Each structure stands twice: as structure tokens, then as C-alpha cells.
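Close look at the chain arrangement
Here's the letter readout for the chains.
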Amino acid sequence: MAFKSIFDSHQGFAIYNESISIIIGISGNHRNKGHKHCLFHCPSITQAPTKFHYNCDIFSLQIKDVEVLNCEYGKNTIKFLRLHTEGKKHFVKEVEVCTHLRLTSCHEYLDGNNSAVIPTDTIKNIVLVLAKKNGISTLEQFAIDICQHFMTTFRQVAYVKTYVQEVPWQRLQENGVPHIHSFIYVPNGIRFCEAEQCRNGPLVVFAGIKDLKLMKTTQSGFEGFCKNEHTTLPERKDRILCGELFCKWSYGECKDFDFDCIWNKIRECILEAFAGPPDCGEYSPSYQKTVNCIQMHVLCKVPQVQVIEVVLNNTFYNVVDMKNLGLTNDKEVSKCSKHTCLDSRNTQP
Ligand SMILES: O=c1[nH]c(=O)c2[nH]c(=O)[nH]c2[nH]1
């Protein structure tokens, strides 16, 4: 599903500049009966199902037998830089925005009638105009502004979803003095957010961080795991734990939150839970437990977070056997071996 890859996966982002995602199933007593909804289950569909039946033939299949479960389109990767100045001091936000819409009808899809379609080019222009007029105080506020604009301006919009991610520019410092107009690209985690709204429904906001690379060189092991004739992995009491973290949380219904402050607090919690105290760290018995520690720490410390998902794309380091070279290797030289993925979701009690 194109929509899923754009909004719900940190890996598949920015595939298409524009996308159209239509999901259909066989309705009534035809094949797939009882399966179509779970086959194509995704939160946006269950929140605001859009169902249309239509009466015309496609090959041998009657369109009246087909149920349109979801019909969305939108503009992806609207990239721009918003500059704000206060006296001589410059503030910069470079972002990438995706905005998707679902209309109350899908006549453009069913019979080629485009009268309700807001062109993706217009969607892009609206995003740019909102950036110019409102500025980008926070990513979340900007995503909310975009959703509200489409809901209030176009009666034919049944659902709107906007994703915004920020390019990690950081103000340069010279001897501790912040530079007024120079920035450095610091890839220590990409901030993103999503806002979505169904007509007559609440505006729901998500935020997150992705591509956050973390490593600890001790205080990690993996022992006591399930073993059988296929197991070759040795137990490890001391290993390097390294991974690329994706974390997404939901604020639930949008309130007047200090989004910047909460985001920074969550980032801090992630780092604290991953690393443990600076002088001794904290033992991790598995990647799984580390993911859980991160989630629990965030849920404890940040009451605004309702649901938190953490994905850790692990990088395993294997200590190189140097016996053949006449050397011992006490973990000084390791080779990066493989990547796996751990995904976990937790909610506030
Ligand atoms: O922390 C770990 N969890 C696993 O599930 C796993 N699997 C594996 O091969 N090494 C590890 N390490």
C-alpha cells in the first residue's frame, strides 16, 4: 500500500512525488468474503471508511460488486526551506511535507469526473503558501495548520493527513557563541510528525524521531535464548549493542502542547534509557529489553504520550577471530555482520 509506505514506515519514505492509493475488495457474497477488511486493515481505513458501489463492467467483473475501501491521493516530498529573521539573527526550518486527501466521493476514480479533485499541484502550492503566511513555529503546528486548512476550505475533503519531517540543521557555534546565520547538518536523528483528521472527527497528532544511530560498547549481552539443532549463535555476556532507532508516539487528540519541549524530553528519555547512567551504564540482556526500557521510560516521564512505537534496526558486531594471525582479540576489532529489526508498540495504562 503506497500510503502505508509513506506514512507508516520510516524506511519507505519518499518513494513517489505524488501518489494515489486505492483499495478495493469484492463486496457481498463474492470471493474474499469475510477477508477483505482484515487483508487491507489500516488505521486510516477503520477510522473513516469510504465505501462506494458502482454499476459498470470491468472485464467480467461488475463494478457494483466491488467495494472501494479506501481512495486517497496526495503530494509527497514537498521540500522547502523556511527562513525567519529576528533582526540580524536567522532561524531556519528545512522540511519535507506529504499531504494526502480522501474525498467524500471518488468519481474521478470511478467515472473520470475530476470536478471534486484538488490537484496535487494545488496541494503543493497551499503547503508553500501556509509556510509563507504562518511560518513553521513547530512541525506539529504546521501539520495541524495544513490539515485544518484543507478541512475548512474544501467541503469535499473527508479526511486529510500530513507528514512533516525536518532536515537536521543546527546553529553553528564559535567558542560557545551561537552564529547568527550559519548552520551545520547534524545527522543525529530526524524529527518528524503527522497530523490527521476525519471530517467531524478529532485532529490527531503523532510525532517521532528516525535514523537515530546509537551504540554502546559494553553492558550488553544475549544469553538464555531458545536453542535447537539450528542454533549456531553463541551466548554473549559482553557485546557491542548498536542500532538505528525509529520511534513514533501519539499525542491523541490535539491539545495546546509545547511540542518542541515534549519532543526534546522524549529524545532525552530515549538516550537515557538506551545508555543508562553516564559513569556505569545499564546492562541490556537483549535488544528487545532495551526497546521496552525506552518505551517504559518515555511513558513514565512524558504523560502526554498515549502510544509509543519503537523499531530498532540492529547492527550486530562480531569480534574477529585472530587466532590464525597469532593474536588475541579482546573485542578490540569487530566486524559489522547483520541487521535485524525489532518492532514494539506500548501504550499508557
Ligand atoms: O538482543 C538480541 N535479540 C535477539 O533476538 C537476537 N537474535 C540474535 O541473533 N541476536 C540477538 N540479540
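Each value, and the rule that gives it
Residues numbered from 1 in each chain as written. Predicted model: local features only at pLDDT ≥ 70, side-chain atom pairs only at ≥ 80, totals over all residues. Heavy atoms only, no water. UniProt positions renumbered as here; feature names shortened; annotations may be inferred. pLDDT = per-residue confidence, 0-100. Contact = heavy atoms within 4.5 Å. Helix = DSSP H or I, 4+ residues; strand = E, 2+ residues; numbered from the N terminus. Expected span 1.5 Å × (residues − 1). Polar contact = N/O pair within 3.5 Å; in protein donor to acceptor, adjacent residues only side chain to side chain. Axes fitted to C-alpha atoms, helices over the stretch in contact; angles between N-to-C directions. Parallel < 35°, antiparallel > 145°, perpendicular 65-115°, else oblique. Left-handed = near helix turned anticlockwise from the far one by under 90°. Nonpolar A, V, L, I, M, F, W, Y, C, P; charged D, E, K, R; others polar. Near = heavy atom within 4 Å. Areas by Shrake-Rupley, 256 points an atom, 1.4 Å probe, with all protein chains shown as cover. Buried < 20%, exposed > 50% of the residue type's maximum accessible area, 1.4 Å probe, protein only. Pairing = 2+ DSSP bridges. 1 Å grid on protein atoms, 1.4 Å probe; cavity = no way out; pocket = protein on both sides within 12 Å on 5 of 7 lines; lining within 4 Å. Points joined across faces, edges and corners; volume = space filled by probe spheres on them. Phe/Tyr/Trp six-rings, centres within 6.5 Å; stacked < 30°, edge-to-face > 60°. Lys NZ or Arg CZ within 6 Å of the ring centre and 35° of its normal.

An unreviewed UniProt entry lists the protein under the name Uricase, with Amazona collaria given as the organism. Check the Subcellular location (unreviewed entry) section of the UniProt entry for the protein; it says "Peroxisome".

Parts of the prediction with low pLDDT should not have their coordinates interpreted in detail. In this model, the protein carries an average pLDDT of 86, and 84% of its residues clear a pLDDT of 70 or more. Under a pLDDT of 50 for its full length, residues 1–15 has, in the predicted model, 40 contacts with residues more than four places off or in other chains. Within the model, pLDDT remains below 50 along residues 29–49, and this stretch shows 31 contacts once partners closer than five positions in the same chain are excluded.

As a further point, take helix H8 (residues 287–301). Here H8 spans 21 Å end to end across 15 residues, near enough to the 21 Å set by a 1.5 Å rise per residue. The backbone nitrogen of Gln288 lies 3.4 Å from a side-chain oxygen of the residue at the head of H8, namely Ser286.

On to the packing of helix H5 (residues 120–134) against helix H6 (residues 139–153), then. Where H5 meets H6, the closest approach of the two axes is 10 Å, and the angle between their N-to-C directions is 125°. As summarised for this structure, H5 and H6 are arranged oblique, according to the angle between their axes. Pair H5 / H6 crosses with right-handed handedness. Contacts between H5 and H6 involve Ile123, Ile126, Val127, Leu130, Ala131 and Asn134 from the first element and Phe142, Asp145, Ile146, His149 and Phe150 from the second. Within the contact of H5 with H6, the residues separate by chemical class into eight nonpolar, two polar and one charged.

Before going further, it helps to examine unusual backbone geometry. Its identity is not glycine, yet Thr77 carries a phi of approximately 45°, on the positive side. You can see Thr77 is positioned in strand E4 (residues 66–86). Residue Lys331 is not a glycine yet carries a positive backbone phi of 70°. Looking at the element boundaries, Lys331 is found in the loop between strand E12 (307–319) and strand E13 (334–347).

Around the ligand sit eight residues, and of these Phe222, Arg239, Ser286, Tyr287 and Gln288 come closest. Within the backbone of Tyr287, a nitrogen or oxygen atom sits 2.7 Å from an oxygen atom of the ligand. In this structure, Gln288 approaches the ligand through a side-chain N or O atom, which is 2.8 Å from a nitrogen atom. With the chains in place, 79% of the 300 Å² that the ligand exposes on its own is no longer accessible. Of the residues belonging to the shell around the ligand, the class tally is four nonpolar, two polar and two charged.

Looking now at the side chain of His100. Within the fold, His100 resides in strand E5 (residues 89–103). By relative accessible area, which is 1% here, His100 ends up buried. A distance of 2.9 Å separates polar atoms of two side chains, one belonging to His100 and the other to Asn76.

Looking along a regular strand, one sees side chains alternate from face to face of the sheet. Among the 10 residues in strand E6 (residues 157–166), 10 count as buried, and that is most of the element. Of the strand pairs in this sheet, E6 and strand E9 (residues 190–198) are connected by seven bridges, and their pairing is antiparallel. Across the sheet, residue Val164 finds its bridge partner in E9, namely Cys193.

This part takes up the layout of surface pockets. Here the idea is plain: a probe the size of a water molecule rolls over the atoms and shows the empty space left. Approximately 650 Å³ is the volume attributed to the largest pocket. Around the largest pocket sit 23 residues that line it, and Lys93, Glu166, Trp169, Gln170 and Arg191 are the ones nearest its centre. The residue inventory of the lining of the largest pocket, partitioned by class, reads nine nonpolar, seven polar and seven charged.

Under the criterion given, the structure shown has 10 aromatic pairs. Look at Tyr251 and Phe257: their rings are 5.4 Å apart centre to centre, the planes differ by 45°, and that puts the pair in the tilted class. Put simply, the rings of Tyr163, Phe192 and Phe246 touch in pairs and so form one group of aromatic residues. It is Arg171 that lies over the ring of Phe91; its NZ or CZ is 5.1 Å from the centre. The ring of Phe274 is capped by Lys216, whose NZ or CZ atom sits 5.7 Å from the centre of that ring.

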